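Descriptive analysis of the structure
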Amino acid sequence: MKTRTIAGIAMAAALLFLVLIAPKGLAAVVYGLLMAIGAYELLYSTGLVRHHRLVIYSMVMAFAVTMWSYYGAIHAYLLLLLLIFTAALFTEMMVDHVKVRISMLGECMLGGFLVPFLLTAVIRILTLKIGRYFALIPFIIACVNDAGAYIVGVRYGRHKLAPVVSPNKSIEGMLGGMAAAVVSMLIYCLLLQIVEGFRINYFFALIYGVVGAGAGVFGDLCFSIIKRQTGIKDYGNLIPGHGGVLDRLDSMMTVAPLIEMLLILLPVAVT
């Protein structure tokens, strides 16, 4: 527990430094490296893809998607990346169609493109005009939702939410996490208004908290079912007491792109 707590504090400090202080380019590079590690965890650590070149292609693609998100998220460049990635994957299947199955290519697309594309919504948010403040929103919602769900679930959890996928999750815990996410979102917006002078739409902030928490639970369950199917406990051991990169960013896969979309459709704060 002590190791987990220390690691959690270190991660929080690193996050605040990268989002609020460090050059955005440095934040993108660090996040890109995490995406590459996440691709490795999802493909190789789970045993889904043990073909070394396919895993390397996927790791490079995950990093490239992050940098694409940082450098303007231009549609044509994404198509170019996808074309090169697809060509590399199919070339490997042509070279050895016995060992390289079409299912492996689909798994590489998941680990090397789709999951990084969703997770790097954080970088696309960061590049906005006041993105340093907005980029914290998905992390606040995801982390507070997890903590609230755990605390309430341990004390009051009676009804299982998804007993087959994640037996420890309860409906009471989910509702507690959602309430915590809403409160944290409202408090964060209040701080933005008081400290930075932003104009806040608190009704939109409420929506962010509710739907963000729901998305976080779904993202968590998505990665839990992969672990259950592949028979692993954690995706890795990079973070002491917490597991791998994907063990910490699982709920962010759905929270981050949802917040990116909401910031466009329902802007919660303006200068």
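Structure: above.
The rules we used
- Residues numbered from 1 in each chain as written.
- Predicted model: local features only at pLDDT ≥ 70, side-chain atom pairs only at ≥ 80, totals over all residues.
- Heavy atoms only, no water.
- Helix = DSSP H or I, 4+ residues; strand = E, 2+ residues; numbered from the N terminus.
- Buried < 20%, exposed > 50% of the residue type's maximum accessible area, 1.4 Å probe, protein only.
- Axes fitted to C-alpha atoms, helices over the stretch in contact; angles between N-to-C directions.
- Parallel < 35°, antiparallel > 145°, perpendicular 65-115°, else oblique.
- Left-handed = near helix turned anticlockwise from the far one by under 90°.
- Contact = heavy atoms within 4.5 Å.
- Nonpolar A, V, L, I, M, F, W, Y, C, P; charged D, E, K, R; others polar.
- Expected span 1.5 Å × (residues − 1).
- Polar contact = N/O pair within 3.5 Å; in protein donor to acceptor, adjacent residues only side chain to side chain.
- Phe/Tyr/Trp six-rings, centres within 6.5 Å; stacked < 30°, edge-to-face > 60°.

**So, the environment of S103**
Its place among the elements puts S103 in helix α5 (residues 102-119). Given the relative accessible area of 44%, S103 is considered partly exposed. For the pair formed by S103 and I140, sequence separation is 37 residues and the distance between their alpha carbons is 36 Å.

**Here's the deal with the packing of helix α4 (residues 75-95) against α5**
Across the interface, α4 lies against α5 with an axial gap of 10 Å and an inter-helix angle of 155 degrees. On the basis of their axis angle, the class for α4 and α5 is roughly antiparallel. Crossing of α4 over α5 shows right-handed handedness. Residues L78, L82, F85, T86, L89, F90 and M93 of α4 lie in contact with α5, whose contacting residues are I102, L105, C108, M109, G112, F113 and F117. Classifying every residue of the contact of α4 with α5 by side-chain character gives twelve nonpolar, two polar and no charged.

**Observations concerning helix α10 (residues 202-230)**
Here α10 spans 42 Å end to end across 29 residues, near enough to the 42 Å set by a 1.5 Å rise per residue. For α10, the side-chain oxygen to backbone nitrogen distance between the N-cap and F203 is 3.1 Å, and the N-cap itself is N201.

**Some remarks on the packing of aromatic side chains**
Ring pairs (aromatic) are described by centroid distance and by the angle formed between their planes. All told, the structure shown has seven aromatic pairs when counted by the stated rule. For the pair Y40 and Y44, a centre-to-centre distance of 5.3 Å together with 20 degrees between the ring planes defines the contact as stacked. Residue Y40 and its partner Y44 are both found in helix α2 (residues 24-45); the two are separated by four residues, about one turn of the helix. Classification of Y40 by relative accessible area gives partly exposed; the value is 35%. Centre to centre, the rings of F223 and Y235 are 5.8 Å apart; their planes meet at 85 degrees, and the pair counts as edge-to-face. Here F223, found in helix α10, pairs with Y235, found in the loop between α10 and α11 (245-249); they are twelve residues apart in sequence, far enough to count as distant. The class for F223 is buried, based on a relative accessible area of 2%. According to the relative accessible area criterion, Y235 is buried, its value standing at 1%.

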